[in-house]
Amino acid sequence: MRVIGEHAVVLGAGMAGLLAARALTGAYERVTIVERDGGSTREARKGVPQGRHAHVLLPRGQRTLEDFFPGLERELVDGGAVVADPGTDHRFVMGGRTLLRRAGTERAIQASRPFLERAVRERVAALPGVRFACGRDVVGLLSGGPGRISGVQVMPRSVGGAAEELRADLVVDAMGRGGRTRYWLERLGYGPVPREEIDIGVGYASRPIRPALAARIGRAVVVGPRPGRSAGMALVAVEGDRYLLTVAGLNRRPPADDDGFLAFARELAPPDVFEAIRTAEPLGGIATHRYSSDLRVRYEKVRNLPEGLVVTGDALCSFNPIYAQGMTVAGLEAEALRRSLREGPRDLARRYFRAVAKTLDDPWRMAVAADLSLPEVEGRRSPAIKIMNAYVDRVQAAAAQDAAVGEQFFRVIGLLDPPTALMRPAVLARALLPGGRGRVAAPVAREEHATA
Ligand SMILES: Cc1cc2nc3c(=O)[nH]c(=O)nc-3n(C[C@H](O)[C@H](O)[C@H](O)COP(=O)(O)OP(=O)(O)OC[C@H]3O[C@@H](n4cnc5c(N)ncnc54)[C@H](O)[C@@H]3O)c2cc1C
């Protein structure tokens, strides 16, 4: 990578900030990562409360991480992360049906969010020119004159700390959902910054457990929401010989007391899995989280966008966490940033926002369409969304009987292939033609729980 600037500042040391920092090294002589929390921890930290809930890394995200940090997968596994063959070790229930997969095609690496973040952070800290400035709040943007952001204002969290200015050729906002960049920009006279938002009111509750009957679970069980039951669960084996059990409801809040939590899980889990949950040893309290909406901020549509500032991660686009896209999309955005940097500093922000908008289109449409397949979610259902959801239902029905269709479906939701891959003739035929699998297995009213 050609050096195009002296200093870049990344705001936030979550997954998106860390991956952006990786993309920036080589293009800037120095990269400073400003983070309000302290150093890395083994437990979920205050700035990333979602770290207490199961985090699944999609196959595309796994590839990006290995590309950015060669050997990371090996390191994660040596450090205790769980390796699984999704074809044999996972059970996925979608649209009320257990989907089939082929064995031996993928290797899934499973770990808790703090474990994964810590490993990535150690790799980033070892990169040349990277420095962490922890315990500091970013409180505003610095204007470098008309059409340019030239740094940020930060406030140390320590008592008596005075505000500091950090000048930079490029500022990367990775402060997550709560980031205030679009308001700061508007205050400086840019924008307005358009956004798209769909209220989903997702409530999460999670607990680490150690099941005596782990063999019944395999390495992961995921049950998605379906029309008529807007709730889902994930039970995932992670480091430390434990499982993370996460239950979630759309426009429903799972209870945080022992009995209520268990009763919610009973509604969702296949009976044999529920027995393993019921008899498991709880390893900690029940953590809850609330996630109000799918949110996409459309910086690419701002006419007078300044140079010197880009945005990534949840601050740019955040999805219903049930679909597990966030960390993978943060990786795709870091790849888009790296490609934009390779073309030099000219018009960088505009080129990046345009490129990343294209990257986001598929995951955003998939998440929104899936949410709108649930009658409990309010929002306009265009004819295209209705057709897509009806078709996906057929594909899932076919995937419950045909591992080749299942494999293709998982490649799409794993962000390895675009959604158009579901329109390939082999899938179309199985999903739609008379005698095709999707026709045979009509949409279900009751859950079909096959064991893996
Ligand atoms: C309940 C839940 C479950 C999820 N499950 C999955 C999953 O299974 N798979 C998946 O891929 N994704 C999942 N996600 C999404 C995923 O956590 C995020 O999309 C991903 O981590 C990218 O987040 P981020 O780095 O943009 O923001 P965050 O993780 O929110 O990080 C933002 C960082 O910025 C710091 N910060 C914020 N404001 C300031 C400030 N003013 N000054 C300094 N620092 C600041 C914070 O301390 C934090 O470190 C889930 C999310 C939730 C809520």
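The name an unreviewed UniProt entry assigns to the protein chain is 2-polyprenyl-6-methoxyphenol hydroxylase-like FAD-dependent oxidoreductase, from the organism Actinomadura livida.

Visitor: Give a detailed account of the nonpolar core, specifying residues and quantitative values.
Guide: Buried together is how nonpolar side chains tend to be arranged in soluble globular proteins. Ranked by size, the top nonpolar core spans 118 residues in total, and within it L24, Y28, V120, V124, V152, Y299 and F353 carry the most contacts. The leading source of residues in this core is helix α11 (residues 348-372), at 12 residues. Those residues in contact with F353 that sit more than four places away from it in its chain are Y299, E300, L305, L309, V310, V311 and L316. In terms of nonpolar packing, the next biggest core, distinct from the first, is built from 25 residues, M233, A265, L268 and I286 among them.

Visitor: I'd like a rundown of the pairing of strand β14 (residues 231-238), residues and numbers included.
Guide: When you tally the buried positions in β14, you get 8 out of 8 residues, the bulk of the element. Burial of β14 is two-sided: the residues A231, M233, L235 and A237 facing one way and the residues G232, A234, V236 and V238 facing the other way are all buried. Here β14 pairs with strand β15 (residues 242-250) via 8 bridges, running antiparallel. Across the sheet, residue V236 finds its bridge partner in β15, namely L244.

Visitor: Residue-level account of the sheet that holds strand β11 (residues 170-173), with values.
Guide: One open sheet holds the 5 strands; their spatial order is β7-β2-β1-β11-β18, and the pairing between them is parallel. Every other strand in the sheet has two partners, leaving β7 (130-134) and β18 (309-311) as the edge strands with one partner each. When strand polarity is set aside, the average angle formed by the axes of neighbouring strands in this sheet is 20°. Bridge count between strand β2 (residues 28-35) and β7: 5 bridges; the pairing is parallel. Within β7, the residue paired with V34 across the bridge is A133. Against the sheet, helix α1 (residues 15-24) engages β1 (5-11), β2, β7 and β11, with an angle of about 170° to β2. Contacts between helix α5 (residues 113-125) and the sheet are confined to β2 and β7, with β7 contributing the most and set at about 125° to the helix.

Visitor: Explain the side chain of E117 residue by residue, including any values.
Guide: Position of E117 among the secondary structure elements: in helix α5. What E117 contacts, discounting residues up to four positions off in sequence, is A13, G14, M15, L18, R45 and V48.

Visitor: Residues and numbers for the domain arrangement of the protein chain, please.
Guide: In terms of domain boundaries, the protein chain breaks down into domain 1 (5-52 + 114-196 + 294-367), domain 2 (78-111 + 200-291) and domain 3 (383-440). Taken over C-alpha atoms, the centre of domain 1 sits 31 Å from the centre of domain 2. Contact residues are listed per partner, giving 12 residues for domain 1 and 15 residues for domain 2. Buried area between domain 1 and domain 2, summed over both chains or domains, comes out near 1200 Å², and the portion from carbon and sulfur atoms is 69%. Interface area lost by domain 1 to domain 2 is led by R52, F115 and I322, which between them contribute 51%. Where domain 1 packs against domain 2, one counts 0 salt bridges. Remark: the boundary between domain 1 and domain 2 carries 3 residue pairs in polar contact (both at pLDDT 80 or more).

Visitor: Residue-level account of the pattern of salt bridges, with values.
Guide: Between side chains of opposite charge, pairing is possible as soon as their charged atoms come close. By the definition in use, this model includes 34 salt bridges. The closest approach of N and O atoms between E73 and R107, which form a salt bridge, is 3.4 Å. Highlighted residues: E73 in helix α3 (residues 72-78) and R107 in the loop between β5 (97-98) and β6 (108-110), separated in sequence by 34 residues. For R157, the salt bridge identified is with D137, shortest N-O distance 3.0 Å. In this pair, R157 sits in the loop between β9 (149-156) and β10 (164-167) while D137 sits in strand β8 (residues 136-143), placing the two residues 20 residues apart along the sequence. Relative accessible area serves as the criterion here: at 44%, R157 is assigned to the partly exposed category. In this structure D137 comes out as buried when scored by relative accessible area, which is 17%. One salt-bridge network, held together by shared partners, links E35, D37, R45, R113 and E117.

What counts, and where the lines are drawn
Residues numbered from 1 in each chain as written. Predicted model: local features only at pLDDT ≥ 70, side-chain atom pairs only at ≥ 80, totals over all residues. Heavy atoms only, no water. Core = buried A, V, L, I, M, F, W, Y, C linked by side-chain atoms within 4.5 Å. Buried < 20%, exposed > 50% of the residue type's maximum accessible area, 1.4 Å probe, protein only. Helix = DSSP H or I, 4+ residues; strand = E, 2+ residues; numbered from the N terminus. Contact = heavy atoms within 4.5 Å. Pairing = 2+ DSSP bridges. Axes fitted to C-alpha atoms, helices over the stretch in contact; angles between N-to-C directions. Domains from an automatic or database assignment. Buried area = accessible area lost by both parts, 1.4 Å probe. Salt bridge = Lys/Arg side-chain N within 4 Å of Asp/Glu carboxyl O. Polar contact = N/O pair within 3.5 Å; in protein donor to acceptor, adjacent residues only side chain to side chain.

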